[in-house]
Amino acid sequence: MNKLIRILLYITIFLTLDFSITNLLFKKTNFWSQIEKIYFVKKNWRIKSDLYHHDFKKNVDVIESWGHLKYRLITNSLAFRDFGKNEIKLKNSKKERIYMIGDSFIEGVGYEYKDTVAGLINNEFSSKYEILNASVVSYSPSIYYTKTNYFIERGLKFDHCFIFLDISDIADENFIEEDATGNIYDIRQKKKETSIKGKVYSFFRIYRDYFTSGRFFYVIRELTGNYKSNLKKRYLASKKFGKSFFTISQEDINLYKSTHIDRSMWTFDEKYSKKWKSNGLKKSKKYLNQLFILLNKNNIKSHLVIYPNPAQILLNHENVHEKYWLNWATKNNISIVNLYKYFNFNEKEETIKKYFIAGDVHWNKEGNLLIFNSLKKEILDNF
């Protein structure tokens, strides 16, 4: 028998046995379920949207994770994050409504809803206003416009709109396109679906999900990948801050990780600026123009909210993001709420440690509280 044929036969027999034993025996064991919980969590409450790319499922109540943080995530009948599975009517005749749209910062990743900006606003102003939080991780201006337009066309009534524009939104817009019918899609995903590489990944996903050997190789790859990533971050942090690779502190590594996320670096790193700045700002401006025209047409009082992330606090001396949108808002008579001034730029590292999750760009509890108090002072107390 030809050597190649013999090898293929052995592989076929091995995979057949692996598949059979996995599905008849291993999948029923406690060990398999524990591995599933740690390495193969399927967040089926985060779903695809044909119109605006992605969303939550309606009426879910799950334990979500963000890095090492675990918290409860609940959505209401509109699939907005909420305190409970509340039934939200299209119109509220008893209270005015504040509709909030942003990305992961306003979704409130990492924390219980009561500790997020939207939850804090709700707790403070629930007697006056109903809060509708339409924010989801990785949203950007094209989705802010498309999703808001969708709900307005459905008949959802609200009186105020807060649009939270994150630094990462500008980078994200480089990967977003709109098809002929106005549906939002991700260029990278489209390429992946049709490329040979994408088809290979699809095959390996099947191997990972239905074969014990596939799971084993996947877990090994994850563990070694995390280890390599941590070593790389340690090396880059030691190089950036001029410290020894062996003695650099975890605080310094965390500071590097929170300030060197690629989607933040377009504001201070020439490489990323060339790739993303011009097109990202152009597209963001286009969709924000459309969004504010839509809101004005429907007599909705609207505010654009801007704020820094750790990279801007530590490294961006020009504040290009802040200046650009302040200038745009002035030219277009847009109400802008600038929260940069509430972050202490004189004590940069201490400010980052105080208000952001360690090694992350997102606000911790103190950061969410700072944003809430700043919004309260800037606009909410003056409504």
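What you are looking at is a predicted structure, and each value in this text was computed from that prediction instead of being measured.

Within the protein chain, the regular secondary structure consists of 15 helices and 11 strands. The burial tally for the protein chain puts 48% of its 383 residues in the buried class. Counting only contacts in the protein chain whose residues sit at least 6 apart along the sequence, the fraction spanning at least 24 positions is 69%. Counting only carbon and sulfur atoms, one obtains 55% of the accessible surface of the protein chain, whose full area is about 20,600 Å².

A word on the nonpolar core. Judged by nonpolar contacts, the single largest core of 51 residues is most densely connected at Y99, I163, W266, L304 and W325. Elements with a minimum of two residues in this core: β5 (96-101), α5 (141-154), β7 (160-165), α6 (167-172), α11 (270-297), β10 (301-306) and α13 (320-331). No other element matches α11, which puts nine residues into this core.

Its 30 residues give helix α9 (residues 212-241) an end-to-end C-alpha distance of 43 Å, which sits within 8% of 44 Å, the value for a rise of 1.5 Å per residue. Residues S213, G214, R215, Y218, V219, A237 and S238 constitute the buried set of α9. Packing partners of the buried residues in α9 comprise α1 (3-24), α2 (30-39), α8 (196-210) and α10 (250-259). Positive phi appears at G242, one or two residues downstream of α9, with a value of about 65°.

At a minimum axis separation of 9 Å, helix α4 (residues 117-125) and helix α15 (residues 365-378) run at an interaxial angle of 50°. Of the possible angle classes, the one that applies to α4 and α15 is oblique. The interaxial crossing formed by α4 with α15 has right-handed handedness. Each of V117, L120, I121, E124 and F125 in α4 lies in contact with α15, whose residues at this interface are N368, L369, I371, F372, L375 and K376. Classifying every residue of the contact of α4 with α15 by side-chain character gives eight nonpolar, one polar and two charged.

Turning to the pairing of strand β3 (residues 61-66), a few remarks are in order. Here β3 pairs with strand β4 (residues 69-74) via six bridges, running antiparallel. The residue of β4 that forms the bridge with I63 is R72.

What follows deals with the sheet that holds β5. Ordered by their spatial adjacency, five strands build an open sheet running β6-β5-β7-β10-β11, and the pairing between neighbours is parallel. Strand pairing shows two members of the sheet lacking a second neighbour, β6 (129-133) and β11 (336-338), which therefore form its edges. Within the sheet, the average angular offset between the axes of one strand and its neighbour, ignoring direction, is 20°. Packed on one face of the sheet, α4 meets β5 and β6 and runs near 170° to β6.

A positive phi angle, near 70°, is found at A79, a position not held by glycine. Examined against the element boundaries, A79 turns out to sit in the loop between β4 and β5. Not every positive phi belongs to a glycine, and S138 is a case in point at roughly 65°. A relative accessible area of 33% places S138 in the partly exposed class.

Another point: the environment of S138. With respect to the helices, strands and loops of the structure, S138 is situated in the loop between β6 and α5. Sequence separation between S138 and I98 is 40 residues; the distance between their C-alpha atoms is 21 Å. If near-sequence neighbours (up to four positions away) are discounted, S138 is found in contact with H54, D103, S104, I143, D172 and R263.

Our next topic: the packing of α10 against helix α14 (residues 348-355). Orientation of α10 relative to α14, taken along the N-to-C sense of each, is 85°, at an axis distance of 11 Å. In terms of their interaxial angle, α10 and α14 are classed as roughly perpendicular. Contacts from E251, L255, S258 and T259 in α10 reach E349, I352 and K353 in α14. Taken together, the residues of the contact of α10 with α14 break down into two nonpolar, two polar and three charged.

Most of β5 is tucked away: five of the six residues are buried. Pairing analysis gives five bridges linking β5 to β6, with the strands arranged parallel. Its bridge partner lying in β6, R97 is registered against E130. Across four bridges, β5 lies against β7 in parallel orientation.

Here we take up the side chain of N364. Within the secondary structure layout, N364 lies in the loop between α14 and α15. Within the structure, N364 has its side chain in polar contact with the backbone oxygen of K354 (distance 3.0 Å).

The rules behind each value
Residues numbered from 1 in each chain as written. Predicted model: local features only at pLDDT ≥ 70, side-chain atom pairs only at ≥ 80, totals over all residues. Heavy atoms only, no water. Helix = DSSP H or I, 4+ residues; strand = E, 2+ residues; numbered from the N terminus. Buried < 20%, exposed > 50% of the residue type's maximum accessible area, 1.4 Å probe, protein only. Contact = heavy atoms within 4.5 Å. Areas by Shrake-Rupley, 256 points an atom, 1.4 Å probe, with all protein chains shown as cover. Core = buried A, V, L, I, M, F, W, Y, C linked by side-chain atoms within 4.5 Å. Expected span 1.5 Å × (residues − 1). Axes fitted to C-alpha atoms, helices over the stretch in contact; angles between N-to-C directions. Parallel < 35°, antiparallel > 145°, perpendicular 65-115°, else oblique. Left-handed = near helix turned anticlockwise from the far one by under 90°. Nonpolar A, V, L, I, M, F, W, Y, C, P; charged D, E, K, R; others polar. Pairing = 2+ DSSP bridges. Polar contact = N/O pair within 3.5 Å; in protein donor to acceptor, adjacent residues only side chain to side chain.

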